[in-house]
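Geometric and topological summary
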Protein chains: 2
Amino acid sequence: MKKIRFIAAMAAMVMAASTAMAQKYVDASTLNVQGRTKPSQENPYFRVDSEGYDFAEEHIVRYCRYPVGVYIMFKTDSHAISAKWTTAKRAWGNNMTPIVQRGLDLYIKKDGVWTFAGVARPSMTKDVHKYTIVKNMADGEKECMLYLPIWNEVESLEIGIDDDAAIEAIPSPYKYKVLTLGSSITHGASASRPGMIFTARMSRSTGIDFVNLGFSGNCKLQPQLARLIADSEADAYLFDAFSNPSVKEIETRVADFVRTVAEAHPDKPMIFLQTTIRDQATFDTKWAKFNDERRATVRRMMTELAKKYDNVYFLDSDTITGTDHEGTVDGAHPTDMGFNRFIDTWLPKIEKILKKYGIK
Amino acid sequence: MKKIRFIAAMAAMVMAASTAMAQKYVDASTLNVQGRTKPSQENPYFRVDSEGYDFAEEHIVRYCRYPVGVYIMFKTDSHAISAKWTTAKRAWGNNMTPIVQRGLDLYIKKDGVWTFAGVARPSMTKDVHKYTIVKNMADGEKECMLYLPIWNEVESLEIGIDDDAAIEAIPSPYKYKVLTLGSSITHGASASRPGMIFTARMSRSTGIDFVNLGFSGNCKLQPQLARLIADSEADAYLFDAFSNPSVKEIETRVADFVRTVAEAHPDKPMIFLQTTIRDQATFDTKWAKFNDERRATVRRMMTELAKKYDNVYFLDSDTITGTDHEGTVDGAHPTDMGFNRFIDTWLPKIEKILKKYGIK
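To keep things clear, this report deals only with the structure shown in the data block. Residue numbering note: each chain is counted from 1, following its sequence as written. Following the order in which they are written, the chains are lettered starting with A and the ligands numbered starting with 1. With pLDDT at 70 or above as the cut-off, local features in this predicted model cover only qualifying residues; side-chain atom pairs require 80 or more to be listed or tallied, and sums for whole chains, interfaces and linings still use all residues. To obtain the side-chain values, all non-hydrogen atoms of the structure were used and water was disregarded.

Let's shift gears to the relation of the copies chain B and chain A. Least squares is the method for superposing the copies, and the C-alpha atoms it fits come from residues with pLDDT of at least 70 in both. Under the fitted operation, chain B is carried onto chain A by 0.0 Å of movement along the axis and a turn of 180°, and the coordinates agree to an RMSD of 0.0 Å. In symmetry terms, the pair is related by a two-fold rotation axis. Any two residues whose heavy atoms approach within 4.5 Å are treated as being in contact. Taken together, the interface assignments show that 100% of the residues at the interface of chain B recur at the interface of chain A, consistent with an identical surface on both copies.

Here's what the structure looks like:
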């Protein structure tokens, strides 16, 4: 009996050690912060320092601060990885999971493949969050990629590891960079978690870093956005540029927009994607008419512009998120399943163009 | 100039008429409420009247009240459809969209196919919600299927239509009924909207009503759940019964559970699904061990039980939500993409069994 009690006590201790070893915390900004277009002095996780662009839209300025597609690269021999982080006081969106809005998403390299390891779930009522992402891991060093939230500022972030473990920055796994400007679809609405936004998925699957510049509802071919792209060095540029503007905005702005970006980087490919057919148009006749007019305008004008500039490409498709109308959460924003179809539609065509420029 | 102003005024009027016609509201419970197992006198949208079952788990009693998979059948010639509804005061979950938790999801028949028409988005701060689901529809009668929220009680629901439109109940489109008992996965976590839970998707695609009895975290082969199934008439029974219980619970309860349900409906097929491999186990060695032990126990015991009872079937698979670990929001709960793989894995096998019983 005594022996059984002793074994039980030992087992409990081992279990406690494997799940609840004291953690020490490291400021994530001291590791390798990747996925930013223009780092800011104000906050290490802002995607873009918006100073000097004079954006007319308050939303664009705010979205520059959201770490969409930003990820922390590090390695550790810890058996458990946790996080403590703070986000800004903001309203929740209703068409995305709280995890994608304010949570964290960890990938670990396994047999050469970046593999989902766990999420850090946010508090629903507080702006200070704490969560154990993964525990009970085997001994040995883990290469880690931790994605940040897509719909809130991160004001601070600490990564927790076992008290006796080491952690240090590792380089980005990506050699080439494709800046991706776009609408809410690029911004990530409505992927399930931060690592499932289409730019992050395409990065992991191709080994090319698709850096995220999605500005939900506000990507309307503005000259300020053209200037941001013109100022930003990358190996290629991808545009989901026609999901937010009106037909008139496309007609009056697209030529200038394309000229600015194409002439700023004349040797780099500029790939423009047709806008998706919104499922909210299946029964809404006004939306259906707008869908058709907008897509026809894009087709007409982009076909001309792609002829005019050697480095401008226009990709067209009628079946971007499938034909069963089941690929979105709300008629507009793809779910992971919708993004899967989006990637299936575009990625082979994008890769073909990038390959011509040696980007592979 | 005057003429232009007149045309603009006319256009504005036409636009206002098409988008903002006054709506009248109809109590949804006076239409055809489908998808319930045991209607309750207390509330027309409860899935199950839990009285008399003496459930030990408070969560099961509460979940009986959530209208998971419940849908309203009606037809209307309205050009717009809206909803006013109230839900109970509850905390938000962080691994599902607010739309799936408290929103509504409308399908309309189009060329013989139930087709997504729009969602009603819930308020994030109030329990009273109002939303226009779809507008600007063409003239003519629309057959409608409106799915209710999966993670809250619906205390009242009114459907809004044009002031001059008619609305009336229509029958269920489904002839056969398959009661589906299960875990959070059956409960719908983490589909993007109420119409994307796997039971609803399988119903629309097969024409067989997969009635939802998912009880998140609490479906553990309890005798009370066996009795609920024994008491409930259907054409077949489907069980996602091994995602919540421990190995010990399976070992001690499964034989009694299967006996109770198989003997209550000896001529009806009882289809038991293997539990999914949790992606949280990819790096968590303790979870991986539990995954393996639990699945091996299920395989061993269910293979025997399927031999013992003519009407008991056990379906096994190693690749339930794919092998890339990208099918869940949190390592446990499938997204729409994960559910797509879940359905691809199981539905052909389920249909094959149902067909033997003339259910097709």
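Turning our attention to the interface of chain B and chain A. Contact residues are listed per partner, giving 48 residues for chain B and 48 residues for chain A. Note: buried area is the sum, over both parts, of the accessible area (probe 1.4 Å) each one loses when the two are combined. Between chain B and chain A, roughly 3,900 Å² of surface is buried when both sides are summed, and carbon and sulfur atoms account for 59% of that area. A pair is scored as a salt bridge if a Lys or Arg side-chain nitrogen falls within 4 Å of a carboxyl oxygen belonging to Asp or Glu. For the pair chain B and chain A, the interface holds six salt bridges. Distance and chemistry together define a polar contact, namely a pair of N or O atoms within 3.5 Å, with one atom able to donate a hydrogen and the other to accept it when in protein, and with adjacent residues in sequence counting only for side-chain atoms on both sides. Linking chain B with chain A are 20 residue pairs in polar contact (both at pLDDT 80 or more). Within the residue set of the side of chain B that touches chain A, elements represented by two or more residues are helix H1 (2-20), helix H3 (98-102), strand S5 (104-110), strand S6 (113-120), helix H5 (198-206), helix H8 (285-308) and helix H9 (336-356) of chain B. Top contributing element to the side of chain B that touches chain A by residue count: S6 of chain B, with four residues. Only DSSP runs of H or I with at least four residues qualify as helices, and only runs of E with at least two residues qualify as strands; both kinds are numbered from the N terminus onward.

Moving on to the pairing of strand S5 (residues 104-110) of chain A. All names here are of chain A. Accessible area is worked out with a 1.4 Å probe on protein chains only. A residue is then buried under 20% of its type maximum, exposed over 50%, and partly exposed in between. Of all seven residues that make up S5, five are buried, and the element is covered over most of its length. Pairing between strands is defined by DSSP: at least two bridges between them are needed. Pairing between S5 and strand S6 (residues 113-120): seven bridges, direction antiparallel. Of the residues in S6, the one forming a bridge with lysine 110 is valine 113. Here S5 hands over to S6 after two residues, with aspartate 111 in that stretch at a positive phi of 50°. Two elements, S5 and strand S8 (residues 142-147), share four bridges in a ladder whose sense is antiparallel. Following the sheet pairing, isoleucine 108 is matched in S8 by cysteine 144.

Residues and elements named next belong to chain A. Extensive coverage of helix H5 (residues 198-206) is indicated by the burial of eight of its nine residues. Along H5, the residues that are buried comprise Phe198, Thr199, Ala200, Arg201, Met202, Ser203, Arg204 and Thr206. Positioned one or two residues after H5, glycine 207 has a phi angle of 80°, which is positive.

This part covers the nonpolar core. We define the nonpolar core as a collection of buried residues of types Ala, Val, Leu, Ile, Met, Phe, Trp, Tyr and Cys that are connected through side-chain atoms lying within 4.5 Å of one another. Ranked by internal contacts, the top residues of the largest apolar core, which has 168 residues, are Phe272 of chain A together with Phe272 of chain B. For phenylalanine 272 of chain A, the contacting residues outside a window of four places in its chain are Phe239, Ala241, Phe242, Phe257, Val258, Val261, Met302, Val312, Tyr313, Phe314 and Leu315 of chain A.

Let us look at a negative patch on the surface. Residues and elements named next belong to chain A. Put simply, a patch holds well-exposed residues, over 30% relative accessible area, that have no salt bridge, with like charges counted together within 9 Å and Val, Leu, Ile, Met, Phe, Trp or Tyr side chains within 5 Å. Each accessible area value is a Shrake-Rupley result obtained with a 1.4 Å probe; residue values ignore everything except the protein chains displayed when judging cover. Working convention for charge: Lys and Arg count positive, Asp and Glu count negative, and His plus the chain ends are omitted. A single reference atom marks each charge: NZ on Lys, CZ on Arg, CG on Asp, CD on Glu. On the surface, Asp77, Asp139, Asp163 and Asp164 cluster together to form a negatively charged patch. Inspection of the secondary structure puts aspartate 164 in the loop between strand S9 (154-162) and strand S10 (167-169). For aspartate 164, a relative accessible area of 60% gives the class exposed.

Residue and element names in this part refer to chain A. Taken in spatial order, the four strands make up an open sheet running S1-S9-S4-S7, and their pairing is antiparallel. The sheet is open, and its two borders are formed by strand S1 (23-27) and strand S7 (128-134), each paired with just one other strand. Neighbour-to-neighbour, the strand axes of this sheet turn through a mean angle of 25°, independent of strand direction. In this sheet, S9 lies alongside S1 in antiparallel orientation, the contact comprising five bridges. Along S9, the bridge assignment pairs glutamine 23 with aspartate 162. To get an axis, fit a line to the C-alpha atoms, keeping to the stretch in contact for a helix; angles then go from 0 to 180 degrees between the N-to-C directions.

Further remarks concern the environment of alanine 138 of chain A. With respect to the secondary-structure elements, alanine 138 of chain A resides in the loop between S7 and S8. Linking alanine 138 of chain A and alanine 200 of chain A, residues 62 residues apart in sequence, is a C-alpha distance of 26 Å.

Here we come to helix H2 (residues 58-65) of chain A. Residue and element names in this part refer to chain A. Regarding H2, the residues found buried are Ile60, Tyr63 and Cys64. Down the axis of H2, the sector holding all buried residues measures 110°, keeping them to one side. Contacts from the buried residues of H2 go to helix H4 (184-187) and helix H6 (223-231). Directions are taken from the helix axis to each C-beta atom, and the arc is the one they span.

Once that is clear, we can look at the packing of helix H7 (residues 247-264) of chain B against H8 of chain B. Residues and elements named next belong to chain B. It is the contact of H7 with H8, at a shortest axis distance of 10 Å, that shows an interaxial angle of 20°. On the basis of their axis angle, the class for H7 and H8 is roughly parallel. Once H7 is placed against H8, the crossing between them reads as right-handed. Residues Val247, Ile250, Glu251, Val254, Ala255 and Val258 of H7 touch H8, and the partners they reach there are Phe290, Glu293, Arg294, Thr297, Val298, Arg300, Met301, Met302 and Leu305. Any angle that falls under 35 degrees is termed roughly parallel, while one over 145 is termed roughly antiparallel, one within 65 to 115 roughly perpendicular, and all others oblique. In a left-handed crossing the near helix is turned counterclockwise from the far helix by less than a right angle, and in a right-handed crossing that turn is clockwise.

Let us look at unusual backbone geometry. A cis amide bond links alanine 189 of chain A to the next residue, serine 190 of chain A, at an omega of 10°. Relative to the elements of secondary structure, serine 190 of chain A occurs in the loop between H4 and H5. With phi around 50°, aspartate 111 of chain A is a residue other than glycine that occupies positive phi space. Structurally, aspartate 111 of chain A can be placed in the loop between S5 and S6. For aspartate 111 of chain A, a relative accessible area of 76% translates into the label exposed. Residues other than glycine seldom take positive phi values, yet histidine 325 of chain B does so here, at roughly 65°.

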